[in-house]
Amino acid sequence: ASDVYKRQAFTHPLSDDFTAALEHSDRILDYGCGYGRSLRALAGLGFHNTVGVDFSREMVARGRRECPGLDLRHIDRPAIG
């Protein structure tokens, strides 16, 4: 179970209502981004001012391997600012 980050696929789609409320120039932070699945979907829709952060080094590493163009960052603590 410890290597679930290597093989798990998550499938919660972005809602059209959510993306319709955004401008392509909006800054988007995905807190708890995992391997960047949502940010990848947003990039496919033309959103590029995005950052993803997650506590799991393994998930962030997976996302960087799968989609090197995403800005994915590992964080050690929950504070944002």
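Residues numbered from 1 in each chain as written. Predicted model: local features only at pLDDT ≥ 70, side-chain atom pairs only at ≥ 80, totals over all residues. Heavy atoms only, no water.

*Asks:* Quick question: what am I supposed to make of the overall build of the protein here?
*Replies:* Within the protein, the regular secondary structure consists of four helices and three strands. Of the regular secondary structure in the protein, the N- to C-terminal order runs α-α-β-α-β-α-β. Put simply, of all contacts in the protein between residues at least 6 apart along the chain, 44% involve residues at least 24 apart. Total accessible area on the protein is roughly 5600 Å²; 52% of this is exposed by carbon and sulfur atoms. (Helix = DSSP H or I, 4+ residues; strand = E, 2+ residues; numbered from the N terminus. Contact = heavy atoms within 4.5 Å. Areas by Shrake-Rupley, 256 points an atom, 1.4 Å probe, with all protein chains shown as cover.)

*Asks:* Would you mind going over the pairing of strand β1 (residues 28–31) with me for this structure?
*Replies:* A regular strand places its side chains on the two faces of the sheet in alternate fashion. Burial of β1 is one-sided: the residues I28 and D30 facing one way are buried, the residues L29 and Y31 facing the other way are not. Pairing between β1 and strand β2 (residues 50–54): four bridges, direction parallel. From the neighbouring strand, Y31 faces β2, where its bridge partner is V53. What joins β1 to β2 is helix α3 (residues 37–44), and the crossover it makes is right-handed. (Buried < 20%, exposed > 50% of the residue type's maximum accessible area, 1.4 Å probe, protein only. Pairing = 2+ DSSP bridges. Right-handed = clockwise from strand over helix to strand, strands pointing away.)

*Asks:* Just to check I follow, could you spell out the side chain of D30 for this structure?
*Replies:* Of note, D30 is situated in strand β1. Buried within the structure, D30 lacks any salt-bridge partner; its nearest side chain of opposite charge belongs to R37, at an N-O separation of 6.9 Å. With near-sequence residues (within four places) excluded, D30 lies in contact with S38, L39, V51, G52 and V53. (Lys, Arg positive; Asp, Glu negative; His and termini not counted. Salt bridge = Lys/Arg side-chain N within 4 Å of Asp/Glu carboxyl O.)

*Asks:* Looking at this structure, how should I read the packing of aromatic side chains?
*Replies:* Each aromatic ring pair is described using two quantities: the centre-to-centre distance and the angle formed by the ring planes. One pass over the full model with this rule turns up one aromatic pair. Where Y31 meets F55, the ring centres are 6.2 Å apart and the plane angle is 90°; that geometry is what we call edge-to-face. Here Y31, found in strand β1, pairs with F55, found in the loop between β2 and α4 (57–66); they are 24 residues apart in sequence, far enough to count as distant. Over the ring of Y35 we find R62, and its NZ or CZ is 3.8 Å from the ring centre. (Phe/Tyr/Trp six-rings, centres within 6.5 Å; stacked < 30°, edge-to-face > 60°. Lys NZ or Arg CZ within 6 Å of the ring centre and 35° of its normal.)

*Asks:* Explain the sheet that holds β2 here, please?
*Replies:* In space, the three strands of this open sheet follow the order β1-β2-β3, with parallel pairing throughout. The open sheet has two edge strands with one neighbour each: β1 and β3 (72–74). Sheet twist, expressed as the mean angle between neighbouring strand axes with direction ignored, is 20°. Here β2 pairs with β3 via three bridges, running parallel. Bridge pairing links D54 to H74 in β3. Contacts from α4 reach β2 and β3 within the one sheet, and its direction differs from that of β3 by about 160°. (Axes fitted to C-alpha atoms, helices over the stretch in contact; angles between N-to-C directions.)

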